[in-house]
Amino acid sequence: MVNITICIGSSCHLKGSRKVVEQLQTLVAEKNLKDEISLSGTFCLGKCETGVSVMVDGEYFSVSPETVDEFFENTVLPRLN
């Protein structure tokens, strides 16, 4: 199980966290990975200086609505193997 936590705090919200969450939900559903990927939200991961803070299995990433697809393909999917 890959655990993805997306910051939904005020700073990340302004940077597009809602769109990031919605796109990740769509990608997980499209690829039928609901049993393999857990999505959750949290307030402030303490990494507000760049894009939306996303933690995958304890590792921090900065994601924007424009980079969600690339992040999913290059970071999330390889962790399923």
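See above for the structure.
What counts and how
- Residues numbered from 1 in each chain as written.
- Predicted model: local features only at pLDDT ≥ 70, side-chain atom pairs only at ≥ 80, totals over all residues.
- Heavy atoms only, no water.
- Helix = DSSP H or I, 4+ residues; strand = E, 2+ residues; numbered from the N terminus.
- Buried < 20%, exposed > 50% of the residue type's maximum accessible area, 1.4 Å probe, protein only.
- Contact = heavy atoms within 4.5 Å.
- Areas by Shrake-Rupley, 256 points an atom, 1.4 Å probe, with all protein chains shown as cover.
- Lys, Arg positive; Asp, Glu negative; His and termini not counted.
- Charge placed at Lys NZ, Arg CZ, Asp CG, Glu CD.
- Pairing = 2+ DSSP bridges.
- Core = buried A, V, L, I, M, F, W, Y, C linked by side-chain atoms within 4.5 Å.
- Polar contact = N/O pair within 3.5 Å; in protein donor to acceptor, adjacent residues only side chain to side chain.

**Q** How do you make sense of the overall build of the protein chain when you look at a structure like this?
**A** Scanning the protein chain from N- to C-terminus turns up three helices and four strands. Of the regular secondary structure in the protein chain, the N- to C-terminal order runs β-α-α-β-β-β-α. Along the first, second and third principal axes, the C-alpha atoms of the protein chain reach 30 × 20 × 20 Å. Here the protein chain holds 81 residues, and the buried ones make up 37% of them. For the protein chain, restricting intrachain contacts to residue pairs at least 6 apart in sequence, the fraction spanning at least 24 positions comes to 70%. On the protein chain, roughly 4800 Å² of surface is accessible, and the fraction owed to carbon and sulfur atoms is 47%. Side-chain charges in the protein chain split into 7 positive and 11 negative, and the spacing between the mean points of these groups amounts to 6 Å.

**Q** I tried to follow the pairing of strand β3 (residues 52-56) on my own but got confused; where do I start?
**A** Strand residues, when the strand is regular, have side chains that alternate between the two faces of the sheet. The buried fraction of β3 amounts to four of the five residues, a majority that puts the element mostly inside the structure. Both strand β1 (residues 2-7) and β3 contribute to a ladder of three bridges, which runs antiparallel. Paired with I6 across the bridge in β3 is V54. Across five bridges, the pairing between β3 and strand β4 (residues 59-63) is antiparallel. Considered in β4, the bridge of S53 is made with S62. Hairpin connection, β3 to β4: the antiparallel pair is bridged by two residues, and D57 has positive phi, about 50 degrees.

**Q** Would you explain the nonpolar core in this entry?
**A** The tendency in soluble globular proteins is for nonpolar side chains to be buried as a group. Counting 22 residues, the largest nonpolar core has I4, V20, L24, I37, V54, F71 and F72 as the members making the most contacts within it. Breaking this core down by element, the ones donating at least two residues are β1, α2 (17-30), β3, β4 and α3 (68-76).

**Q** Just to check I follow, could you spell out the side chain of T5 for this structure?
**A** Secondary-structure assignment places T5 in strand β1. On the accessibility criterion, T5 (16% relative accessible area) is buried. Of note is the side chain of T5, whose polar atom sits 3.3 Å from the side chain of S40. Excluding residues within four positions of it along the chain, T5 makes contact with S40, G41, T42, L45, S53, V54 and M55.

**Q** Explain the environment of T42 to me, please; I cannot follow it from the model alone.
**A** Summarising the element assignment, T42 is placed in strand β2 (residues 37-42). Residue classification places T42 among the partly exposed residues on the basis of a relative accessible area of 25%. Separated by 11 residues in sequence, T42 and S53 place their C-alpha atoms 9.9 Å apart. When near neighbours in sequence (up to four residues on either side) are disregarded, T42 contacts T5, I6, C7, I8 and G9.

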